[in-house]
Structures are given as C-alpha cells and as structure tokens.
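# Examination of the molecular architecture
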Amino acid sequence: MTDLYYPLRSLREGHWFKLICGASFQHLPAIRTLVMAYTLAGVDCIDIAADPAVISTAKIALDLATSLAKADGGKRSYTHAVPWLMVSLNDGEDPHFRKAEFNAATCPSGCARPCEQICPAQAIVFEAPAEVARGSGLATMLRTDARESLAVIDDRASGVLSDRCYGCGRCLPICPVQQIVTHSYQSTPAAMVPFIMQAGIDAIEIHTQIGHIDEFCRLWAAIEPWLDKLKLIAISCPDGDGLLDYLRALYESISPLPCALMWQLDGRPMSGDIGIGTTRAAVKLGQKVLTSGLPGYIQLAGGTNHHTVPKLKALNLLHPRLQNAATTAPSVAEPLLKSDQALDASQAVQGYAHDQATAYVAGVAYGSYARTLLMPILNQLDAIRLEMAEPEARAVASGSARSPLAIVNPAFSTAFSTTERSQPLGLEDAPDLLWQAVGLARSLVSQLKAFNTEHPMRLDL
Ligand code: SF4
Ligand code: SF4
C-alpha cells in the first residue's frame, strides 16, 4: 500500500530530505532529470519554480520515476512514496527570484571570460550553436523568454541562458567591467496561487526577509483560502538582527494552521557547492532557532552539502535515533512501518502538533550542491541530445531511425523508448545513466536515510 503519511513522518522522525531545484531555475531537461533521479533516491519533497512549464515537467518526471520504481521492484530504487511538490513564492525582492544578464556584444575582446567559468549552472555561453539560441533541435532546451538575454551574431549565441540562471550572483563581482546585472521578479499571488493549487501542488514555501511583515501578510492573504488543500507551509528567511522576533510575528499571523509548518533556515543562500565551510552558517542558524523554542519543524538550507549531516550529528542536533554512531537514521524500515500503522491518521494529516517546538533539526534541503552532484549526468545527456540534433532527433522520435543511445548502449530501454513519444531524449532512455544518477543522488540522500539502504521499501506506489 502507499504510505500516505511518509513525507510527514520524515519530518517527525528527523530524516526529511528536500531537493531544491530552484525558485528561478527553469531549465526543463535538467529539472526532469533531477526530479527523476532524486525521486528514485527516496526524497520527501521537491521544491520547484512557480512556473507552469516547470510544474508540468516535474509532474511528468514524478510519474515516470514512480513507474520506474514500480518496475524496478525496490532493487535499485528507494522510492517509498511520491515526494511532495513544493513551489516557492516571494513577498519582495529576493536573490532566489532574479536572473543575470549582460550584452555579450559589448564585452572587451581580450576578456578571459571568468563569468563563464564561475557559473555553477553553465548558464553563461559564448558562441553557442544556433540550436541553443533558437531552442530548435533540443525542443525544450530553451524556452522563448530564455533567448532575450542572448546576443546572436552569425548564428552563434552569447550571453546568459536565462532558464538555467538561478540568480546565485557569483558572476556579478567577477566581471572586470561590471556589466552583468540582475533582474528581480516577484510572483503575482492573486493569479499564481489559484493556478499552482489547481496544478496539484502539495506545499508552498514563502520567501521572506526580516521587516517584511506587511508584504508577507499580503501574500498570505492569497494563500490562506487554499490552506485546506496544502500539506505543508514552509517559510524561508535568512538570518539577521531581529530574526526570532520576526519569525514569532509571522507565526502569530498565520496561526492556527490546518497543515504542517516548517521554517527553512537559509544559512548562506545558493552556496552548498562552493566548499565545506558553506554549511556552517546554516547549522549555526539552526542552533539559534532551535534554542528559541519556536513552534514548527526546522529545516536547514543555504550552503548545505555532504558536510551538513555529519556536522549536525557532531553537535547533537539530529533526532535522537539518528545520533547513533552506527547509522545516521533509524535502523531498519520494518519497525518504522509498524509504528506508522499505529499513527492516528488525523494527527498525521495535521502535521503532528506543529504548535510545539521540536528539539532537533527535522531535515535538510539541498539545492546547488544536489544539482552539481548530478552535473556529469546532465552534461552527458545534453551532449547526446546535441548529437541527436534535428533532423535525426525527429527521425528517432518517429521510430524511423535508431537512437545513438541504442548504438552506444545495448540496454536501451524499450519500456520507455523514445520511439513511443515525441519528447527529446530523457534519463529513462539511458538506463546506465539513470542508475548512475540515482546512485549519485542516493549518496547524499542516504546521509539522512541510511535505514533503507539495506532494506528498500517496496510499497505499491
Ligand atoms: S547569477 Fe549565478 S547562475 Fe546566473 S548566470 Fe550568474 S553565475 Fe550563473
Ligand atoms: S567577465 Fe564580463 S566582460 Fe568578461 S566575458 Fe564575462 S560579461 Fe563579458
């Protein structure tokens, strides 16, 4: 049977894992791959941009992943329930909701292009093939608005691929002539909230900042009528003077809630892939909010990476059962399933008494680090897609030609073959890459969920 309570149970038991695709990350092929790989690796929640194309792509990827998990029978997959889909909305200017851009035609001719090197999303290109600029050949590789920040000279494109840019800002200070700028955007809640709820979203995350109470309340007014359809409300806020008072004011203004409440503590935003030290700010912020006794689940983000869980463990900030030296999570799946059967359903749906503070970190969200971990897979898929540029890709899609993958990989999936659909090549078409991606994703997920590594759950999804 499907474990309907599972994501909530992960919060309660302190092994919640959220993949952050990115509030402004719109690169659909990458989102599709990330959602598939991390779903098969056993995540609880996937945070995506409030964009119709992104939501649609993520839902397709979730369906594919759950089909693959079922077909795999728990041999290589760790999917125990369909992860929740969360979208992020902002109540004001926020670096997560911005895009970089520059006019490549005005770059000094001798510039060594450090911007290209530093971009973690490979969003900055110079003299890229015309297919990239036009979005042809790769079908969904670029959306229409992604071309606006590109300069196209002699059919070669240079600039920022806006669908890949997630606003980290690393390219800004490195440009010697400071010609890279950012454009922020804000959600229009009155139009956006009904749309995302009708699209079947499970959770909403509100990005706010200290002092934004009026703006927050305006956004909240659009969300409040939909609360009974949500399983979780998350509030993301960076540290600063008066943080705890601000979070308490937010709590007062949204209480009581009919769903779970989570505080996303954004230590050092969008930096987890930079190095070991980036996790410190998130852990420190977690300690600060935990000791305040603020009601709701605490989840770290911003600078999180492979060092976050060991650091939390060293500081005794994980759930007591995860503190065991032999493992980072409950010992085996079976006792958990039994205890779950005894849960009171209404309590589970209500979010386990979110009016009480927890004494441990309920989970961790990973963004740039999780994406970077899968970059070799994303690059290989991109390379194969480029090789399959039109008209060959169309011939393969219509079944009149063999995919290059079928040539390089005899294990080419027939169950999810490209010949059955008109979509560009997906992760499911390359089984070797697919399970490599799941293995990489699992290396991160298992830090919080080591308990089902040896005992994968085989629930009927
Ligand atoms: S803001 Fe970050 S993701 Fe966007 S182009 Fe600059 S370095 Fe790349
Ligand atoms: S660093 Fe600045 S000047 Fe140099 S290529 Fe990049 S945008 Fe152009």
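Reference entry: report on the structure contained in this document. (Residues numbered from 1 in each chain as written. Chains lettered and ligands numbered in written order. Predicted model: local features only at pLDDT ≥ 70, side-chain atom pairs only at ≥ 80, totals over all residues.)

## Regarding the overall build of the protein chain
Operational definition: Comment: elements are numbered from the N terminus, with helices defined as DSSP H or I runs of at least four residues and strands as E runs of at least two. Remark: residues whose backbone-derived C-beta atoms lie within 7 Å of one another are considered to be in contact.
Assigned secondary structure in the protein chain consists of 18 helices and 13 strands. Long-range pairs, those at least 24 residues apart, make up 80% of the contacts in the protein chain between residues at least 6 apart in sequence.

## With respect to the site of ligand 1
Here is the rule we go by: Near residues are defined by distance alone, with the backbone-placed C-beta atom required to lie within 6 Å of the molecule or strand. Under this grouping Gly is polar, as are all residues other than the nonpolar Ala, Val, Leu, Ile, Met, Phe, Trp, Tyr, Cys and Pro and the charged Asp, Glu, Lys and Arg.
Near ligand 1 there are 14 residues, and of these Ala100, Cys119, Cys165, Cys168 and Cys171 occur at the shortest range. Along the lines of polarity and charge, the residues of the shell around ligand 1 split into 11 nonpolar, two polar and one charged.

## Side note on the sheet that holds strand β5 (residues 124-128)
For clarity, the cut-off: Strands are labelled as partners when DSSP assigns at least two bridges between them. The axes used here are C-alpha line fits, helices contributing only the stretch in contact, and every angle between their N-to-C directions lies in the interval 0 to 180 degrees.
Strand order in the open sheet formed by three strands is β5-β7-β6, and the pairing between neighbours is antiparallel. Pairing within the sheet leaves two strands with one partner each, and these edge strands are β5 and β6 (150-153). Taken pair by pair, the neighbouring strands of this sheet meet at an average axis angle of 15°, ignoring direction. Sheet topology note: the β6/strand β7 (residues 156-160) ladder contains four bridges and is antiparallel. Its bridge partner lying in β7, alanine 151 is registered against serine 158.

## A look at the pairing of strand β2 (residues 45-49)
Note the following rule: Our exposure labels follow a C-beta count within 10 Å of each residue's own C-beta, placed from the backbone: buried means 20 or more other C-beta atoms, exposed means 12 or fewer, and partly exposed covers the counts in between. Note on handedness: a clockwise path from strand one over the helix to strand two, with the strands aimed away from the viewer, defines a right-handed crossover.
Burial analysis of β2 places five of its five residues in the buried class, the great majority of the element. Pairing of strand β1 (residues 16-20) with β2, which is carried by three bridges, proceeds in the parallel orientation. By the bridge assignment, lysine 18 is partnered in β2 with cysteine 45. Once the chain exits β1 it traverses helix α2 (residues 28-40) before rejoining the sheet at β2, and the crossover so formed is right-handed. For β2 and strand β3 (residues 84-90), the ladder comprises five bridges, and the chain directions are parallel.

## Let's talk about unusual backbone geometry
With an omega of -5°, the peptide bond between serine 255 and proline 256 qualifies as cis. In this model, glutamine 122 sits at a positive phi of 50°, which is unusual for a non-glycine residue. Along the chain, the position of glutamine 122 falls in the loop between α4 (114-118) and β5. The class for glutamine 122 is partly exposed, based on 16 C-beta atoms found within 10 Å. Phi angles above zero are rare outside glycine, and glutamate 127 is one such case at about 50°. Note that glutamate 127 resides in strand β5.

## Quick look at the sheet that holds strand β11 (residues 260-266)
Reading around the circumference, β1-β2-β3-β9-β10-β11-β12-β13 is the order of the eight strands in this closed barrel, with parallel pairing throughout. This sheet shows a mean twist of 25° between the axes of neighbouring strands, independent of strand direction. Where β3 meets strand β9 (residues 203-207), five bridges bridge the pair, whose relative direction is parallel. Within β9, the position partnered with valine 87 by the bridge is isoleucine 204. Most of the contacts of helix α3 (residues 52-72) go to β2, to which it runs at about 150°, and overall it touches β2 and β3.

## Re the site of ligand 2
For ligand 2, the full set of nearby residues is Phe102, Cys107, Pro108, Cys111, Arg113, Pro114, Cys115, Cys175, Val177, Gln179 and Ile180. Of the residues belonging to the shell around ligand 2, the class tally is nine nonpolar, one polar and one charged.

## Let's talk about helix α1 (residues 6-13)
With eight of its eight residues buried, α1 lies for the most part within the structure. The set of residues buried in α1 consists of Tyr6, Pro7, Leu8, Arg9, Ser10, Leu11, Arg12 and Glu13. Following α1 by one or two positions, glycine 14 adopts a phi angle in the positive range, close to 75°.

## Overview of the packing of helix α15 (residues 375-387) against helix α18 (residues 431-445)
The description of two packed helices rests on the angle between their axes and on the distance between the axes. So the rule is basically this: Roughly parallel means an angle under 35 degrees; roughly antiparallel, over 145; roughly perpendicular, 65 to 115; everything else is oblique. Handedness of a crossing is defined here by the sense of rotation of the near helix relative to the far one, left-handed for an anticlockwise turn of less than a right angle and right-handed for a clockwise turn.
Orientation of α15 relative to α18, taken along the N-to-C sense of each, is 160°, at an axis distance of 9 Å. Here α15 lies roughly antiparallel to α18, going by the angle between them. Crossing of α15 against α18: the hand is left-handed. For the pair formed by α15 and α18, the contact residues are Ile377, Gln380 and Leu381 on the first element and Leu433, Gln436, Ala437 and Leu440 on the second. Within the contact of α15 with α18, the residues separate by chemical class into five nonpolar, two polar and no charged.

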